[in-house]
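Architecture at a glance
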Amino acid sequence: MDEKAANTRVTCLNCMDGRVQLPVLNWIRKQYKIDHVDVITEAGMDGVLASQENIDDIKRSIKISINKNKSNRIFIVGHHDCKGNSVDKKTHQKHIAKSVERLKKYWPKLEIIGLWVNDQWQVEVCFK
Ligand SMILES: [Zn+2]
């Protein structure tokens, strides 16, 4: 195995909804030439990161991804028709932006990118 390629790793904070997994993974791998994507899920991840006071469990997983697995980028995903965070698109995008800002306080040096999965299950960059 190519050692160098095996080190390209990112962290994806996604919803647990099965419909968004492959579109997001495929998009990230294609756009960023990534080999491995560490995925942390919650029902309505963008809503949890934007509104839930205690996110220690999520931070614990992010720390392992960054410190042990050497991830150098974080993606935060919100999506159309989310049952875990059933708000309109505009509110999702606010939540995604808020989530990015929140995690930037903990990891100011990492690139943190907000993604939106639209009603065609296509991935769009929505906050950076
Ligand atoms: Zn969802």
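Preceding this section is the structure that the text describes.
Residues numbered from 1 in each chain as written. Predicted model: local features only at pLDDT ≥ 70, side-chain atom pairs only at ≥ 80, totals over all residues.

**So, the overall build of the protein**
Here is the rule: Per the convention used, a helix needs a DSSP run of H or I reaching at least four residues, while a strand needs a run of E reaching at least two, with both numbered from the N terminus. Radius of gyration here is computed from C-alpha atoms only, and the compact-globule reference equals 2.2 Å multiplied by the residue count raised to the power 0.38. With C-beta atoms placed from the backbone, a residue counts as buried when 20 or more other C-beta atoms lie within 10 Å of its own, as exposed when 12 or fewer do, and as partly exposed for counts between those limits. Contact between two residues is assigned whenever their backbone-derived C-beta positions fall within 7 Å.
A tally of regular secondary structure across the protein gives five helices and five strands. What you see for the protein is a C-alpha radius of gyration of 14 Å, in line with the 14 Å of a compact globule of 128 residues. Scored against the burial criterion, the 128 residues of the protein give a buried share of 32%. A sequence separation of at least 24 residues applies to 72% of the contacts in the protein between residues at least 6 apart.

**Topic: unusual backbone geometry**
We note that Lys 70 has phi near 65°; this positive angle belongs to a residue other than glycine. Relative to the helices and strands, Lys 70 is located in the loop between helix H4 (56-68) and strand E3 (73-79). At Asp 81, a residue that is not glycine, the phi angle is positive and equals roughly 60°. With respect to the helices, strands and loops of the structure, Asp 81 is situated in the loop between E3 and helix H5 (89-106).

**Some thoughts on the sheet that holds strand E4 (residues 111-117)**
Operational definition: DSSP calls a pair of strands paired once it identifies at least 2 bridges connecting them. Each axis is a line fitted through C-alpha atoms, taken for helices only over the stretch in contact, and angles between the N-to-C directions span 0 to 180 degrees.
Strand order in the open sheet formed by five strands is E2-E1-E3-E4-E5, with mixed pairing between adjacent strands. In the strand order of this sheet, the two ends are held by strand E2 (36-42) and strand E5 (123-127), each with one partner. The average angle at which neighbouring strand axes cross in this sheet is 30°, direction not considered. Sheet analysis places strand E1 (residues 9-15) next to E3, joined by three bridges and oriented parallel. In the strand pairing of E3, Thr 11 is matched with Ile 74. Across the face of the sheet, H5 comes into contact with E3, E4 and E5 while running at roughly 165° to E4.

**A short note on the pairing of E2**
How we decide: Call a crossover right-handed when, viewed with both strands pointing away from you, the route from the first strand across the helix to the second goes clockwise.
Here E1 pairs with E2 via seven bridges, running parallel. From the neighbouring strand, Asn 14 faces E2, where its bridge partner is Thr 41. As a crossover connection, the stretch from E1 through helix H2 (residues 18-32) into E2 is right-handed.

**Side note on the environment of Gly 47**
Relative to the helices and strands, Gly 47 is located in helix H3 (residues 45-51). Distance from Gly 47 to Ile 96, taken between C-alpha atoms, is 7.8 Å for residues 49 residues apart in sequence. Here Gly 47 is in contact with Gly 84, Asn 85 and His 95, once residues within four sequence places are set aside.

**Side note on the environment of Ile 58**
Mapping Ile 58 onto the fold places it in helix H4. Owing to 18 C-beta atoms within 10 Å, Ile 58 belongs among the partly exposed residues under this scheme. Counting along the chain gives 29 residues from Ile 58 to Arg 29, while the straight-line C-alpha distance between them is 22 Å. Discounting chain neighbours no more than four positions away, the residues touching Ile 58 are Ile 40 and Glu 42.

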